[in-house]
Each structure stands twice: as C-alpha cells, then as structure tokens.
Amino acid sequence: MKSPEAAKADVCLLVEGTYPFVSGGVSSWVHDIIGGHPELRFAVLNVGSHPGAYGEPRFKLPDNVVGLHRVFCQETARPPLDGAARADLREEIRTLRAAVDTEARPSRVLAGMRRLHLEDPSDPEPLGAVLADLATNDLTLEEFLYGRASFDLLTALADRTAAEAPFLDLFWHYRAIHVPMLRLLAAPVVPATCYHAIATGYAGLLAAVWSQRTGRPLALTEHGIYAREREMELARADWIRDAAETDDGGFGLRTATWAPHISPLRKIWSRFFRALSRLAYARAGRIVTLSEVNRGKQIADGAPPAKIDIVPNGVDLPDDPPLLEAVAEEVADEKAGHGGAGVIVLRSPPLRVGFVGRVVPIKDLITFIRACDLALRAVELEVRVIGPMEEDPAYATRCRDLVARFGRAEQIAFVGPMKPADIYPSLDVVVLTSFSEGQPLVILEAYARGVPVIASDVGACREMIEGRDAADRVLGPSGFVTRVAAPKETAAALIKLARDPALRQRLGAAGFRRVSAYYQRRDMLASYRAIYASMGAAGTGEKEDRVDSVGRCPAESVAGGSGDPFPVPG
Amino acid sequence: MSSLAIQGDREAGAREVRALRGRLPLLPWISAMLIDLTAAVVVCRRDSLTGALAAGALHLASLAPITLAALAPSERALGSAFVFAIPILGAPLAALALRTAGRSELGEVDPEAAPADAETPGAEELRRLGEALPTCEALLAGEADERRAIIATLTLRADAGALALLRWALGAANPELAVEAALAIEEMTASFEARLSAHRKRLATEPSGAEALAAAELATDAIEAGLAEAALVPSLAEAARNDFTAALADDPARAATVAVGRARLELAVLHPDAALAAIDEVVVSDGSGPAISAVELHGPPGVAAAEMEMLLALRDEAVLATHALPWESASALASYHPASPPPLLQRRLSAARRLSGLHPRGATGGAGVTVGVVRVPAPASTREVPVEKP
C-alpha cells in the first residue's frame, strides 16, 4: 500500500480492481465523480488481486485526489518448493502452530466467519454483530492459516455444509476465500469524512469495516450486482462438479433429466459473496443503484428498500445539439413527396454502424461481427469497432480472425480508441451486444448526439431504450432491444434501420429527448453532492480521528458488538 | 469491474505436474533397492545363520539412503516404511507413490483414454432420475445455484444435445438464464477455437499425421456438436477433409479411424453419400455383388472390434440418410435429418468425442479461475498446491 498523502480526504472511494488501473465504464464513472466535485478531496482505495496484476494507471488523477492507496488480496505467487525447502517450511509451521495454540484465545474475527457461513442468511439481525466481530481484526494471517481454532472452523464447515466435497479441496477453498479478507481487515484505515464503496464484495466489506471502526458514514453505489457477477464467473469453474460424471457411457438419461446435485464448494462461495453484499448493505446509510432492474435485484439480495436511491448515469449534452425535429420532419416531407429547397440530404448507404467499447469477451463482439456479416448480405454497412484492444489480445485476435474468415475486412474496421466527440457524429447507429452491462455510458453518449442504439437485453439497456416508467415511455423507443447472443435479431434491426432513414431519425430524436430529460450529468453530480453533504463531506476538511497503526479507532466510535470491541491481540 | 479472467490451461497444468514429479531424487531409491538385492543374493548363496544376519543387516542398511535423502519428514517416513516392509520392491513402490502428484491420481481415469463400458444404472440412480425434472424445466424453475450447476454440467458435456439445450436457454424469458447460457456457449466456442488454432500452428511448423488427425477430429466434433460458426462450416469441413487425407497418407494403418472421422464429418455436414463412400473404402463385402446389409460386411484385418462396430453403425446411418424417394435427391432427403444423430449412434459418437478429447476437463481445462479479485483454486488432485508462508 502506498503511504497516504498528508491531507485527509472528504470522501474515500473504495473500488475493486478498477479505477485508475483498468479502463471501462466503472472507472470512467469514478473519474467523472471525482472531477465533478472539485470542492471535495478524494482518496481512492483500490482493492487489487495481487501485485503486478495491473499496469500503470489508465487515468490521470485529478488534482483533488489526495491519496491513492492499494490493498492486495493475494501475494504474488511463489515458485513451487522443493523437498528440502518444503521440509524447512514444515518445521517453521510446526513451531508457529505450537505458539499459536499455546495462546488459545478466542478470536472474534473467527466467530464472525463462523456466523457468516453457518448462520441463517435470511436473518438480518446478526449482520451488525458479524461486522463488529470482523472489525476487531483480532486474527492474524498466521493464526488463520496454522491455528487450531481456524482448523476447527474448517472441520465444522466440512461437517455442516460440505460433507460431500473432498476435504483437501475444501481446505484450499477455505483459504482462498478468507486470506484476502484477512489481508483487507489488516489494512490501515484511510482517514476520511465518509466512505463510498463502488461495489459490494471485498471493497464493500472493507468500506463497511472502516465505517464501523471509525463511525464514519458509508454510501454504496453498485453498477452491476456484485454477488451475481461473481457467481456467473464462478460458474465458469466447470471442474467444481455439480453432478455425477457426465460422460454417461451409454446411459443417456442424464442429459434429458436433471437430478439436482449442486457442489457444496459452489454453495460456499456463492453464500460468501452474498454475505459480503449483505454486510455492505447493512452498514451503508445510502445505497445507490443505476436502474429499476438493479434495485429489484438488490432488494432480492437483502438490501433494505428504504435505503435505495436510483441515480442514473449522466452525460453532458453537446453544445450543438442535433436538429432532430427538423430532420425528422423533412424526412417525412421527402417521403410524402414534398422535397424542395432546404431539404437536408439524407445519408445515403452504407449505414454507418459503430461498436463502442473495450474489445473483451464480456462485450460479446463475436455476436456483433456475426450480426454485421448477416446484415451485410442484405444491405450495405460501414462498420467500425471503436475501443481499446489491448486488454485481452487473444480475444481481439479472435475477433479479427472472424472478420477475416467472413471476408469482411473491407466493411468491418477495428479503429481503436477515439475521443467521444469524434465518435458519434460519424455514426448512424450504435450497437451493444454485451453479455453484461450496468447502465452503459455509450448509450447515453449516442443519445446525446441523436444516434439510435441496438442493445442486448442486459442491465438497464431495456429501460434506457424503451423507457423506465410511463412518463419515459411516452417519449417512444430510442432503438431496439435484442436477446443476448442473438445475431439474427441484431442483424434484423440493422437492416431495418438501413432501409428506413426516417425510422432512424425518429429513434434518434427519442434518444435525445430521453437523455435530456433523465440522464444529464449535472443531475447525477447534484445527486451525489447531496449524498456527500448528507454524510458530512462538504469540502471543508476536518480534524483527523485518532487511528492507530492497524486502523483501529477509539472504542466509543464503534457501533454493535459486545464487550471490548477491539481487544489488543497478544 | 466484472472482469472475467479465466486463466490457465490444461497443458500448463500438466507441465506443472510433470515438473513436480521430476524433482524427486532417484538415487536413494535405486541404492536402497540394490542393497536389498545384495541381501537377497547373500541369503541365496549362504544358507546359514550368518548369511541371514548379514542379509538382515543389509536390509536395515537399505534404509540409510532414504533417511539421508533430502526429503520432507513425511516423505522420509513413508519411504522408510515401504523399504522396510517390502524388501527389494519397497523402494520402487515408494518412489512411485511419492512421484505421483495429487490425490488418487493412479486410480483416476485418464480423461483422454477410451471410456469404460457403460455401467448399468442402480436402483437409486433410476429412482433419482425418475423423480428429476426434465432439464429444460429445471433450468426455468430451478434456483440460481441449480441453474448454474446445470449449465456447468452442460458445458462439460459439450455435445449436440447439451448445445441444443443451451441454445434453447438463450431464448428464455429469464434474462439471467439467457446470459449464463450465452456465456457458456461463448466459452465452449473460445475453447474450441483456441485448440484448433494450436493444432493448426503445430501442423504448420511440424506436420504429422497424428496432428492432422487430431485437428480433423476436433473440427468434426465441433461441427457435429453445432459449435462451429455456421457460416464457416463449409471451409472448416474442407480443411478437416484435407487433414483426414493427410493423416491417412501418413499412416495407411489408421484407415478405419480416418473412415470413422470422415463419415462423422460428412454426416454432420449433410453429405451422407460422401460418408457412405468413406466407409465403403474401408469396409469390404463378403459377397461378390454390392453389399446389401451391414451384417455381411467386415473390415480389413487389424481393425478393432469397437471401431468396426462404429463404422457399421455409421454406415447404417449414412444408408438411411441417402435413401432417397424417387422424386427427391439424396441431399434433399438428407436435409430432413434431425439436428442431432439418433440415440443409438449418439452413444457411439459420444465415445468418439471423448476419444478426441473435445472437452476432457471442460472449457477451463481443469484450471483455477479468477473470480473478481480472488483466485478460486483448481482441484487439489490436478495442481501444485500453493503454500502460504508466514
């Protein structure tokens, strides 16, 4: 962790793996929030995977960032040990274990972990107590790794939740889950007037713990729904066997029917991620989400409805807004045969199609390319893929190869990143085929330029295109919503737009009206300014709390728990 | 935020395991065995108490190389126990046990090996299956955990039936189910393309019949399962045909294997005539006239019974597909062929698929995955375990 700057922050933003080291929607949003509140001083705490996982920052930190701090969940992987070194280490562990077991004092962190895994997740009461237990940070990594009490918790987990799992696998999963948590709990508190977590998960946990320790308020903003995203990623671990061996050796019934048998390891991870979310929801005074869809998911995952506010993303409207009404009317005139002086010449084919975003698997560029190939059989298109390609070079190569194999290299170009101001004036339609989105800024930027959108039905895309409530829906659709991974539907929408310029104009006009009414940046910033003000961050700076070297605050500032909340270890 | 970073591959994992195996010193074990052999010689030559005592002393001395070797205490204890308890053979057995990485690896079925015979389902399994929901209903009605478990299982299975179910799930009203199914298909496709690309690179640098056969069978698997990009199937099939030809030219003894692969490929791309021709190049008739039924057919010497059985099943399938009505051509009738092969043949194709190893350990190759900012470990039986040093 880098040492903090001298000045205390008004707001400490806690992010997981994103700003300022990874480009993308969430990082851009964080950058925008910081830049949009020049009167406030921000500290940024980045929870990363391990040292070396990220390169140089992708964003230049604004002047009002007073500290950038990093905490890592894992250390850099060590090379495998040979026999002799392994024997030495074994001896070292034996000595350490003897010392740890001699102390034999109950750990509240361990008690919190036990509650997290073994108590009823639907009961909200213990959450405060769990958080208070975790906030004590009275369990060292060594005690967790080699102590008897920790091993007892592992065996309890094995008995009660994972009797069918191989114990050795459970052992390593137990460590993989908790070692990052303990590393975070041991991180020194970054002093701030208030904390703002930009996700639940490990960053949300750390924010909740710091808020608990310091008594400072916590706000939580979720772009995606963390626990569900992690569960989807976990689903990729197909070696966590959920059923009996699927090679049926001639007994083909197993494909036709499904006998439930879910891996206990998957359940443990899933339960843990959801518990992290519930802890952050419980501690946060304000929970902010981007859309109605996500609000529903948060409530289903245990967020108190009364705490949730919807603050959609926003963009600045251009200084030269598109003359959509005039264009739409003149298109209609032309269709009706009333062309004449002053008629704006409609763009002739090819239709200019843009994919704007990072070239990574989650954006499902493959479906976009397949859709363009299908549409190109019917209409002329000029397709541009606009966005960075270095994040996943293998995927970028795969996309380029697919374009080449389709023989569409002339029509589909990879142009790399461009400035937003240069992107949209040269596009007739923006397409987004992502597997997962929160509330994509790309759609709002396109609307601000009167460009209609074709997007897959993920995140808030449907309500951004069709309207989120009755008043919004009156504006009409501003594009097309397709199913995920449905190239035929995307192609059909492209063909329709290519053949009907008037429709294109109508949808673009609706988009512009929609972004003007509901998605302006100034409104978003005003909402957050109010949230920060309600948490005491008014940009005046405050006297620092007394925080000791492991981030512990005076006991009176801690809510919840019983007895001495922060017993000194040893 | 939702960086989906799946890392590692099966080959890297295998290299890691090999590296682990290679680190155990061999000298102590060989020394212990030689000392024991000397003891045996002493016993055989000197049939006396002195000889027996000398042999006993030598047997005890055989423990010395093990106790002095640079081994972990537990390894030393295990090795000594083996050497002491089992004269002569104890040392090699101990070395074998210690050089085996992971748990139960010796007893584990090689995922690329030919599958064992079908097991007869037990009463409990039949009861469970009888009570189970159809997979598509379970996908719609089940809870999120159950849904993901089903999708993970389908991904691992990766045959035409599994893909059909996943594609069906894409159209589900539940957007989360659709997204998860889409991600699963994408992952399988990416895995297939990466493997095919690796085969092609190896073929370009170091051409061999075995590599060509592997590439052709992989392409055939993907076309048959419906994993290959539809618009690219003709070019993929053409490349696979060339690879089958190269594999056969390299070694004529693999004619039956190539015929099986070629027939599966042609059936998958709806060219049953070509499938029939490929099989009939290998299968010969007993009679003087054209073969009229598979019963009369037999393969050339050296063709394994299982391979011959598959050839005959594929021939039946091809004959059925080419059986045109007077007003329809063979290929027109073939277009009515169901998307997936009939169940009887599907079982055999499933075996063929496993042989070619489309997804021996699923799309992630049995490696761990990164979930958010944490690493979910791979199964203990396939990896070098990390050690958290204090």
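Residues numbered from 1 in each chain as written. Chains lettered and ligands numbered in written order. Predicted model: local features only at pLDDT ≥ 70, side-chain atom pairs only at ≥ 80, totals over all residues. Heavy atoms only, no water.

### Observations concerning the nonpolar core
Note the cut-off: By nonpolar core we mean a set of buried residues, namely Ala, Val, Leu, Ile, Met, Phe, Trp, Tyr and Cys, connected to one another through side-chain atoms within 4.5 Å. For every residue, the accessible area (1.4 Å probe, protein chains only) is compared with the maximum for its type, and the residue is labelled buried under 20%, exposed over 50%, or partly exposed between those bounds. Each helix is a run of H or I in the DSSP string that is no shorter than four residues. Each strand is a run of E no shorter than two, and both are numbered from the N terminus. The contact definition used throughout considers only heavy atoms, calling two residues in contact when any of these lie within 4.5 Å.
C12, L14, M113, L134, Y202, W210 and F273 of chain A are the most contacted members of the largest nonpolar core, which totals 81 residues. Sort the elements by how many residues they give to this core and helix 7 (residues 167–185) of chain A lands first, with eleven residues. With near-sequence residues (within four places) excluded, C12 of chain A lies in contact with A43, L45, V190, A192, C194, Y195, H196 and W210 of chain A. Counting 75 residues, the second largest nonpolar core, distinct from the first, contains I386 and V481 of chain A together with L183 and L265 of chain B.

### A closer look at the packing of aromatic side chains
All names here are of chain A. The line we're drawing: Ring pairs are drawn from Phe, Tyr and Trp, using the six-membered ring of Trp, whenever the two centres fall within 6.5 Å, and their geometry is named by plane angle: stacked under 30 degrees, edge-to-face over 60, tilted for the rest.
Taken as a whole, this structure holds 14 aromatic pairs over all chains when the rule is applied. Between F151 and F167, the ring centres sit 6.0 Å apart and the planes meet at 70°, which makes this aromatic pair edge-to-face. Residue F151 is located in helix 6 (residues 148–161), and its partner F167 is located in helix 7; the two are separated by 16 residues in the primary sequence. Residue F151 is classed as partly exposed on the basis of its relative accessible area, which comes to 33%. One aromatic cluster in this structure is built from Y202, Y226, W269, F272 and F273.

### Quick look at the pairing of strand 9 (residues 351–356) of chain A
If a strand is regular, its side chains alternate between the two faces of the sheet. Residues and elements named next belong to chain A. For the record, the criterion: Whether a crossover is right-handed comes down to one check: with the strands pointing away from the viewer, does the path from the first strand over the helix to the second run clockwise; if it does, it is right-handed. The rule for pairing is simple: two strands pair if DSSP sees at least two bridges between them.
Within strand 9, six of the six residues are buried, leaving the element largely enclosed by the surrounding structure. Running through helix 14 (residues 365–376), the crossover from strand 9 to the neighbouring parallel element strand 10 (residues 381–386) is right-handed. Pairing between strand 9 and strand 12 (residues 429–432): two bridges, direction parallel. Within strand 12, the position partnered with G354 by the bridge is V430.

### Considering unusual backbone geometry
Residues apart from glycine generally show negative phi values, whereas peptide bonds are mostly found in trans. A cis geometry characterises the amide bond from Y19 of chain A onward to P20 of chain A, with omega recorded as -5°. Note on placement: P20 of chain A falls in the loop between strand 1 (9–16) and helix 1 (25–36). Look at N137 of chain A: it is not a glycine, yet its phi comes out positive at around 50°. Along the chain, the position of N137 of chain A falls in the loop between helix 4 (125–135) and helix 5 (141–146). If you check the backbone angles, I88 of chain B has positive phi at about 65° while not being a glycine.

### Here's the deal with the confidence of the model for chain B
Detailed reading of predicted coordinates is not advised where the pLDDT is low. All names here are of chain B. Put simply, the rule is: For every residue, the predictor assigns a confidence score, pLDDT, that lies between 0 and 100.
Averaged over every residue, the pLDDT of chain B is 72; residues scoring 70 or more account for 65%. The least confident element of chain B, judged by mean pLDDT, is strand 1 (residues 4–5) at 34; the most confident is helix 13 (residues 233–250) at 93. With pLDDT under 50 throughout, residues 326–344 is counted as low confidence; its partners more than four residues away or in other chains account for 22 contacts. Throughout residues 382–390 the model reports pLDDT below 50, and contacts reaching past four residues in sequence, or to other chains, amount to 34 contacts. Both confidence scores are given for the complex: pTM 0.71, ipTM 0.72.

### A short note on the confidence of the model for chain A
Residue and element names in this part refer to chain A. Overall, the predicted model of chain A reaches an average pLDDT of 83, with 81% of residues at or above 70. In the model of chain A, helix 10 (residues 253–256) stands out as the element of lowest mean pLDDT, 42, in contrast to strand 12, which has the highest, 97. Taken together, the stretch residues 337–347 has pLDDT below 50 and engages in 16 contacts with residues farther than four places along the chain or on a different chain. Contacts for the low-pLDDT stretch residues 541–570, under 50 throughout, to residues beyond four places or in other chains number 62 contacts.

### Comments concerning the sheet that holds strand 13 (residues 453–456) of chain A
All names here are of chain A. Using the following cut-off: The angle between two axes is taken between their N-to-C directions and runs from 0 to 180 degrees, where each axis is a line fitted to C-alpha atoms and a helix contributes only its stretch in contact.
Taken in spatial order, the six strands of this open sheet run 11-10-9-12-13-14, and their pairing is parallel. Each having just a single partner strand, strand 11 (412–414) and strand 14 (479–482) make up the two edges of the open sheet. On average, each strand axis in the sheet is inclined to that of its neighbour by 20°, with strand direction left out of account. Across six bridges, the pairing between strand 9 and strand 10 is parallel. If you follow V356 over to strand 10, its bridge partner there is I386.

### Quick look at the environment of H50 of chain A
As for its placement among the helices and strands, H50 of chain A is situated in the loop between strand 2 (42–48) and strand 3 (65–72). Spatially, the C-alpha atom of H50 of chain A lies 10.0 Å from that of G17 of chain A, the residues being 33 residues apart in sequence.

### What about the pairing of strand 13 of chain A?
All names here are of chain A. Residues V453 and A455 line one face of strand 13 and the alternating positions I454 and S456 line the opposite face, and both faces are buried. In this sheet, strand 13 lies alongside strand 12 in parallel orientation, the contact comprising three bridges. The partner of L432 across the bridge, within strand 13, is A455. One ladder, built from four bridges, connects strand 13 with strand 14; its direction is parallel. Its bridge partner lying in strand 14, V453 is registered against G479.

### Observations regarding the sheet that holds strand 5 (residues 218–222) of chain A
All names here are of chain A. As summarised here, the arrangement of the seven strands in space is 3-2-1-4-5-7-8, forming an open sheet in which the pairing is parallel. Pairing within the sheet leaves two strands with one partner each, and these edge strands are strand 3 and strand 8 (308–310). Pairs of neighbouring strands in the sheet enclose a mean axial angle of 20°, with direction left out of account. With three bridges joining them, strand 4 (residues 192–197) and strand 5 adopt parallel strand pairing. The residue bridging A197 from the neighbouring strand is L220, located in strand 5. Packed on one face of the sheet, helix 11 (residues 264–283) meets strand 5 and strand 7 (286–289) and runs near 130° to strand 5.

### Regarding the packing of helix 3 (residues 108–118) of chain A against helix 6 of chain A
Residue and element names in this part refer to chain A. Using the following cut-off: For classification, angles of less than 35 degrees are called roughly parallel, those exceeding 145 degrees roughly antiparallel, those between 65 and 115 degrees roughly perpendicular, and all remaining angles oblique. Put simply, Ala, Val, Leu, Ile, Met, Phe, Trp, Tyr, Cys and Pro go in the nonpolar bin, Asp, Glu, Lys and Arg in the charged bin, and everything else, Gly too, in the polar bin.
Orientation of helix 3 relative to helix 6, taken along the N-to-C sense of each, is 5°, at an axis distance of 11 Å. Judged on the interaxial angle alone, helix 6 and helix 3 are roughly parallel. Across the interface between the two elements, L110, M113, R114, H117 and L118 of helix 3 pack against A149, S150, L153, A156, L157, R160 and T161 of helix 6. Per-class residue counts for the contact of helix 3 with helix 6 are seven nonpolar, three polar and two charged.

### Thoughts on the environment of G52 of chain A
Residues and elements named next belong to chain A. Within the fold, G52 resides in the loop between strand 2 and strand 3. With a relative accessible area of 68%, G52 lands in the exposed category. In the structure, G52 is positioned 86 residues away from D138 in sequence and 29 Å away in space, judged by C-alpha atoms.

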